[in-house]
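What the coordinates show
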Amino acid sequence: MKDIQAYIRPGMLKLQAYSSARNEFQAENGIFLDANENPFGTLNRYPDPLQLELKARLAEIKNVKTSQLFIGNGSDELIDLLIRISCEPNQDKIGILSPTYGMYKVLADLNSVELVDFRLNDEFQLTQELVDAICTTNDLKVLMICSPNNPTGNCLDVQLLEQIFQRFKGLVLIDEAYIDFAEQESWIARLNEFSNCIVSQTFSKAFGLANARVGVAYGSEELIGLLTKIKAPYNVSGLNQTAALNALNRMDEIQEEIAIIKAERENLIAELSKLPLVKKMYPSEANFILLEVENAEEIYNELLSKGIVVRNRTKDVKNTIRISIGTPAENEQVITALKNRS
Ligand SMILES: Cc1ncc(COP(=O)(O)O)c(C=O)c1O
């Protein structure tokens, strides 16, 4: 087991957290005159700052302890907090495996932390050389790993990831925003082997709650305790906690929706592969596909003129567009729009 204190800013270890009224006292009934709330109204009380009901349900489903769970205002919040507990501004660095999710760079910039970019190979995969380079670079406090990766859609090699978890001298974030659409298992099951790893998941994708902003981090009690210490007191609203709990109570329907999205993804890949304008289709284990075309800018604008909004990813991977999987009717419209053009 690694001593994770070596990767945490000394100031964060010493920090005295704010203790909110609802942190100090929480009960169903009573005369609450402790939090300067308004006694009138329906949303007048602060929510549970530790989201205990949601954590209890998640812990049951994911087979972890509630103390290994952190709930954030979307997973973007917890990625930001992870950088803040570990990186001294203008001194430490974070690593990314590009092309990848753009927020890692934005959050590095926001925290005045240098970004070291390790480029994946042509299949957007790790290689032994890349793993060696990552594990021998100094001052890297966090490595951001996105698997399935956005915008490429693929999962990263399990054996090479294991090597990183064992050898990397810093914290590792495994961003599993799209894991419910993948064949690969979540790394949550193996968290006990890797004390420096945090897995993040979200209610925004497979659970259909992007509007509610609920992200979840899974990790050691020690790391989760540090994130909890530095978070804003009431970082997830009561409405959003309830929305997430309700989603967990309709798992059967959600599994059916995931199955439809996965089937639609394969159909979209098969149909688009037939079109001459598509130069390359990348395999996907997410709820989107990346395709290379002759001129991404042109295709993007043409689809836009037909009211279909996709993402032009040329700045990450030349001449590519990323298409999210929609309803069967929406996907049909994309196929027709592109067919009519070919
Ligand atoms: C890889 C990845 N991580 C995290 C997020 C952010 O998710 P959330 O809505 O939970 O903040 C996204 C959103 O698109 C994403 O693609």
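Our structure's up above, just so we're on the same page.
Please read these numbers as outputs of a predicted model, since none were measured by experiment.

**Here's the deal with the overall build of the protein chain**
A count of helices and strands for the protein chain gives twelve helices and eleven strands. Radius of gyration (C-alpha) of the protein chain: 22 Å, near the 20 Å computed for a compact globule of 342 residues. With respect to the principal axes defined by its C-alpha atoms, the protein chain has extents near 70 × 50 × 35 Å. Out of the 342 residues belonging to the protein chain, those deemed buried represent 52%. By sequence separation, contacts in the protein chain at least 24 residues apart represent 69% of the contacts at least 6 residues apart. In the structure as shown, the protein chain presents an accessible area of about 16400 Å², 49% of it carried by carbon and sulfur atoms. The centroid of the 35 positive side-chain charges in the protein chain is displaced by 3 Å from the centroid of its 47 negative side-chain charges.

**Focus: the pairing of strand E4 (residues 140–146)**
Along E4, seven of the seven residues are buried, which leaves the element largely enclosed by surrounding structure. Examined bridge by bridge, E4 and strand E5 (residues 171–175) share five bridges and lie parallel to one another. In the sheet register, Met144 faces E5, and the bridge partner there is Leu173. What joins E4 to E5 is helix H7 (residues 158–167), and the crossover it makes is right-handed.

**Looking at helix H3 (residues 52–62)**
Looking only at H3, the buried set comprises Leu54, Lys55, Leu58 and Ala59. The arc that holds the buried residues of H3, viewed along the axis, is 130°, so those residues lie on one side. Facing away from the buried side of H3 by more than 90 degrees, the exposed set consists of Glu53 and Glu60. Against the buried residues of H3 lie strand E1 (69–72), strand E7 (215–218) and helix H9 (238–248). Looking one or two places after H3, you find Asn63, whose phi comes out positive at around 60°.

**Describing the sheet that holds strand E10 (residues 311–312)**
With antiparallel pairing, four strands are arranged side by side in an open sheet as E8-E9-E11-E10. Looking at the sheet topology across the chains shown, the edges are occupied by strand E8 (278–281) and E10. Sheet analysis places E8 next to strand E9 (residues 288–293), joined by three bridges and oriented antiparallel. Of the residues in E9, the one forming a bridge with Val278 is Val293. Contacting E8, E9 and strand E11 (320–324), helix H10 (residues 251–273) runs over the sheet at an angle of about 10° to E9.

**Digging into the environment of Asp139**
Among the structural elements, Asp139 can be located in the loop between helix H6 (128–135) and E4. Distance from Asp139 to Asp175, taken between C-alpha atoms, is 21 Å for residues 36 residues apart in sequence.

What counts and how
- Residues numbered from 1 in each chain as written.
- Predicted model: local features only at pLDDT ≥ 70, side-chain atom pairs only at ≥ 80, totals over all residues.
- Heavy atoms only, no water.
- Helix = DSSP H or I, 4+ residues; strand = E, 2+ residues; numbered from the N terminus.
- Rg over C-alpha atoms; globule rule 2.2 N^0.38 Å.
- Buried < 20%, exposed > 50% of the residue type's maximum accessible area, 1.4 Å probe, protein only.
- Contact = heavy atoms within 4.5 Å.
- Areas by Shrake-Rupley, 256 points an atom, 1.4 Å probe, with all protein chains shown as cover.
- Lys, Arg positive; Asp, Glu negative; His and termini not counted.
- Charge placed at Lys NZ, Arg CZ, Asp CG, Glu CD.
- Pairing = 2+ DSSP bridges.
- Right-handed = clockwise from strand over helix to strand, strands pointing away.
- Arc of directions from axis to C-beta.
- Axes fitted to C-alpha atoms, helices over the stretch in contact; angles between N-to-C directions.

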